[in-house]
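# Breakdown of the fold
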Amino acid sequence: MIYIGGKQAGKEAVLGKLPDDRIQNITAEIMADSTQTYSFRSMDELKFELSVRSAIVKASKDLNGNNFSFAVFRRSRCNPAFWNREPDGGFRLKSGVKPNEAIKNIYDQSRLYATECSTAIVIVFYKALADVLPGPLFDALFPNTYLMNWQSLDPDLGLRTLHEPEKYMPGNCRYFKNPDVNPLTPEWQGENAIDFGDGLYYGHGMGIRNAEQIIHALNQNRKRNADKSAYLMDSSTRLNFSRLYTAYARYQP
Amino acid sequence: MGEPNQISRLDELRIKEGVAGLRDNVQKLSTSNPTQAARLLNDPELRFATLYLLENQLIQSEVYKHLNIRNKNALKLIRLLRKKDFSQVEDLLPGYRQAVQSCLKWMLESGYSDDGLDDEFDEILDDCAILAVQVFHDESVVTLLVELIFNRNRQKRYIYDLIWTFFEIHNPKNLLLIVERLRSSNPRDVKLAMKLLAFIPIMKDAGSVNRNRLYMECVSWIKENAEYLEYTGETFQQANSPIPYNVSYESKYLHKAKKDNEAFKKDSLEGDQANAVDAFLRLNEKAKEVLSDYSNVLYEKDQKAWKEWIKSPLDEQIKIASRRRGRYV
């Protein structure tokens, strides 16, 4: 169920106000058909969340389509014109560089970059926001961007992992766990993957695949005589759209 | 084990004359007196870092055949670990399990003080720790593993493979080693410890609770719940605030230790307990929490009274537990 300004909004009425965007429409349908309540202060807030979710899927496809490579943190690399590579393998925004330009550079000069799957997902989230938010607002929200894994995120992203979500939405990050991984290749311990909402997922190093294909790829990297298959965990990680919308709505150029 | 300050001659040489000096001296000695060179390398006090730095010249040298088993095994393991070839490590296990385990332990323990030597050396130390705990289940290295994590964290270096390994041990009692860091004078230690322990309930109030109380509450929570924690598989690769362990309420309620996520087999429970757990599992989470807490407290205080209480109807149990714990469900 979708509630806008405290009142339930019908599915057809909501869909009629959305642009011709498959991801936005799929997401709105999932919300409307759910028994769970999705509340928004206004139609604009709903539209904002849907457009960011759509931008996350697009940013995933774009990252998959360019020359951005996979590398473990010890061998990660970045464009030194925009980022400093830190001792732990993360990328810290260089002083004097605009965050939105630094994020976009990862896509523009992707061959200069290589990192692990969790950082790639963080990059996807930032890129989606860089595409949706005005540049100055993005720069104000994320002035000290540090790209590493989930541990070094800007609190304004408000990423939250729901452990047993009722519904899975396009633009959320899911996790495929590989419990019997070859212990010498911990980078195969699991795969973070953006949910496209149609059975496909984007995982850095894997590409765009369905769940079965991702599980198969992880299973190829287990120890000998492994008896546990990789599997898709129930949890789901999402942006704090409400907090981001508040900043967006308040923004005045 | 030698005295803590005992140092081998080659390590002393490395420290005094640097890597180039070490290599140069060993090269000369290997040519003039390979037996003497091997004797120095076979010193029980030799540190792994020195062997690692001499790897290339030893493999091709006359000295190699005079090396002891520890050194030959270590040189072989370096090659396998560098290739990430776990299947060849597995091939060694049927005949050489003990030798591989003790060699990995030597590499880790004697290599620890040289952590940071170079990226590859650090990665090999990580691999030694990973294999020691995940393949050999050698918990004697866990203290060292925690030292490595926190020392590297102070230097802002890479720690996440080691953290993954720490949790893959699936032993909640090891969390006490992390809790100790809450009392560190180094703010980076405290911050990391709080991050790793964020799933412990008191951590939600970390901002308003003094560190001593935080420490005490964490110790108390771990001691109370360690036997009943189940590993969820959540890691820092997956989430910014993973919950690696959940309290198994049914396990705590029945006062039966939970073994690695295995559901209770009903035929392992006595009749009353099997019925009790069936009814218990149908309760909501809040009720399960209150009942399991009370059950644990009562069991510790008076086992006879606990046996009576656990046999009483569930409604009655809830009434008593709610009243005694001051938490109503």
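Residues numbered from 1 in each chain as written. Chains lettered and ligands numbered in written order. Predicted model: local features only at pLDDT ≥ 70, side-chain atom pairs only at ≥ 80, totals over all residues. Heavy atoms only, no water.

Let us now look at the environment of Glu164(A). Here Glu164(A) lies in the loop between strand S9 (160-162) and strand S10 (173-177). A C-alpha to C-alpha distance of 37 Å links Glu164(A) and Asp108(A), two positions 56 residues apart in sequence. (Helix = DSSP H or I, 4+ residues; strand = E, 2+ residues; numbered from the N terminus.)

Attention now moves to the pattern of salt bridges. The final tally for this structure, using the stated rule, is 34 salt bridges over all chains. For the salt bridge of Asp33(A) with Lys11(A), the shortest nitrogen-to-oxygen distance reads 3.1 Å. Remark: Lys11(A) occurs in helix H1 (residues 11-16) and Asp33(A) occurs in helix H2 (residues 22-33); sequence separation between them is 22 residues. Overall, Lys11(A) belongs to the partly exposed group, its relative accessible area being 28%. With a shortest N-O distance of 2.8 Å, Lys252(B) and Asp293(B) are connected by a salt bridge. (Salt bridge = Lys/Arg side-chain N within 4 Å of Asp/Glu carboxyl O. Buried < 20%, exposed > 50% of the residue type's maximum accessible area, 1.4 Å probe, protein only.)

Among the structural elements, Asp180(A) can be located in the loop between S10 and strand S11 (190-195). Ignoring any residue separated from it by four or fewer positions in sequence, one finds Asp180(A) in contact with Arg222(A), Lys223(A), Ala226(A), Asp227(A) and Lys228(A). (Contact = heavy atoms within 4.5 Å.)

All names here are of chain A. Spatial strand order, S5-S6-S8: three strands in an open sheet with antiparallel pairing. A single partner strand is all that each edge strand has here, and the edge strands are strand S5 (83-85) and strand S8 (146-147). Across three bridges, S5 lies against strand S6 (residues 91-93) in antiparallel orientation. Residue Arg85 lies in a different strand from S6, and its bridge partner there is Phe91. (Pairing = 2+ DSSP bridges.)

Each partner contributes to the interface: chain A provides 33 residues, whereas chain B provides 36 residues. For the pair chain A and chain B, the summed buried area comes to about 3100 Å², and 49% of that belongs to carbon and sulfur atoms. Among the residues of chain A in contact with chain B, Arg74(A), Gln151(A) and Leu184(A) are the three that bury the most area, contributing 28% of the side total. Our count for the chain A to chain B interface comes out at five salt bridges. A salt bridge links Arg74(A) to Asp126(B); the shortest N-O distance between them is 2.9 Å. Where chain A packs against chain B, one counts 15 residue pairs in polar contact (both at pLDDT 80 or more). Put simply, the parts of the chain that give the side of chain A that touches chain B at least two residues each are helix H5 (117-132), S10 and S11 of chain A. Taken together, the residues that form the side of chain A that touches chain B break down as 13 nonpolar, twelve polar and eight charged. (Buried area = accessible area lost by both parts, 1.4 Å probe. Polar contact = N/O pair within 3.5 Å; in protein donor to acceptor, adjacent residues only side chain to side chain. Nonpolar A, V, L, I, M, F, W, Y, C, P; charged D, E, K, R; others polar.)

We now examine the packing of helix H5 (residues 69-82) of chain B against helix H6 (residues 86-111) of chain B. All names here are of chain B. For the pair H5 and H6, the least separation of the axes is 10 Å and the interaxial angle reads 110°. As far as their axial angle goes, H6 and H5 are roughly perpendicular. For H5 against H6, the interelement crossing comes out left-handed. Counting all contacts with H5, which are made through Arg70, Asn71, Asn73, Ala74, Lys76, Leu77, Ile78, Leu80 and Leu81, the residues of H6 involved are Gln88, Val89, Leu92, Ala99, Val100, Cys103, Leu104, Trp106 and Met107. (Axes fitted to C-alpha atoms, helices over the stretch in contact; angles between N-to-C directions. Parallel < 35°, antiparallel > 145°, perpendicular 65-115°, else oblique. Left-handed = near helix turned anticlockwise from the far one by under 90°.)

Turning our attention to helix H1 (residues 9-32) of chain B. Residue and element names in this part refer to chain B. With 24 residues, H1 extends only 18 Å from end C-alpha to end C-alpha; this falls clearly short of the ideal 34 Å at 1.5 Å per step. Within the span of H1, buried status applies to Leu10, Asp11, Leu13, Arg14, Gly21, Leu22, Val26 and Ser30. Taken together, the buried residues of H1 touch helix H2 (34-41), helix H3 (48-53) and helix H4 (55-59). (Expected span 1.5 Å × (residues − 1).)

Applying the stated criterion across every chain yields a total of 25 aromatic pairs over all chains. Consider the rings of Phe48(A) and Tyr245(A), whose centres lie 5.6 Å apart with planes at 55°: the pair is tilted. With Phe48(A) in helix H3 (residues 43-64) and Tyr245(A) in helix H8 (residues 241-250), the pair connects residues that are 197 residues apart, well separated along the chain. Taken individually, Phe48(A) and Tyr245(A) each receive the classification buried, so the pair is uniform in this respect. Relative to Trp306(B), the ring of Tyr299(B) has its centre 5.0 Å away and its plane inclined at 85°; by these criteria the two rings are edge-to-face. Residue class for Trp306(B) comes out buried when judged on its relative accessible area of 5%. (Phe/Tyr/Trp six-rings, centres within 6.5 Å; stacked < 30°, edge-to-face > 60°.)

Further remarks concern a positive patch on the surface. A surface patch of positive charge is lined by Lys301(B), Lys319(B), Arg323(B) and Arg324(B). In terms of residue count, the dominant contributor to the positive patch is helix H17 (residues 314-325) of chain B (three residues). (Patch = residues over 30% accessible without salt bridge, like charges linked within 9 Å, V, L, I, M, F, W, Y side chains within 5 Å. Areas by Shrake-Rupley, 256 points an atom, 1.4 Å probe, with all protein chains shown as cover. Lys, Arg positive; Asp, Glu negative; His and termini not counted. Charge placed at Lys NZ, Arg CZ, Asp CG, Glu CD.)

For the rest of this paragraph, the subject is the sheet that holds strand S1 (residues 2-4) of chain A. All names here are of chain A. Strand order in the open sheet formed by three strands is S2-S1-S3, and the pairing between neighbours is mixed. The open sheet terminates on both sides in strands that have one partner only, identified here as strand S2 (7-9) and strand S3 (38-40). With strand direction ignored, the average angle separating the axes of adjacent strands in the sheet is 35°. Across three bridges, the pairing between S1 and S2 is antiparallel. Looking at the pairing, Tyr3 lines up with Gln8 of S2.

Bringing the domain arrangement of chain B into the picture now. Residues and elements named next belong to chain B. Domain assignment breaks chain B into domain 1 (170-247) and domain 2 (254-329). Across the boundary between the two partners, domain 1 contributes seven residues, which contact eight residues of domain 2. When domain 1 packs against domain 2, close to 680 Å² is buried across both sides, 35% of that on carbon and sulfur atoms. Considering only the surface of domain 1 that becomes buried against domain 2, Glu224, Tyr228 and Glu230 emerge as the three largest contributors, covering 59% of it. Between the two partners, domain 1 and domain 2, sit zero salt bridges. Our count for the contact surface shared by domain 1 and domain 2 stands at one residue pair in polar contact (both at pLDDT 80 or more). Per-element accounting of the side of domain 1 that touches domain 2 gives the leading share, three residues, to strand S1 (residues 229-231). Residue composition of the side of domain 1 that touches domain 2, grouped by class: three nonpolar, one polar and three charged. (Domains from an automatic or database assignment.)

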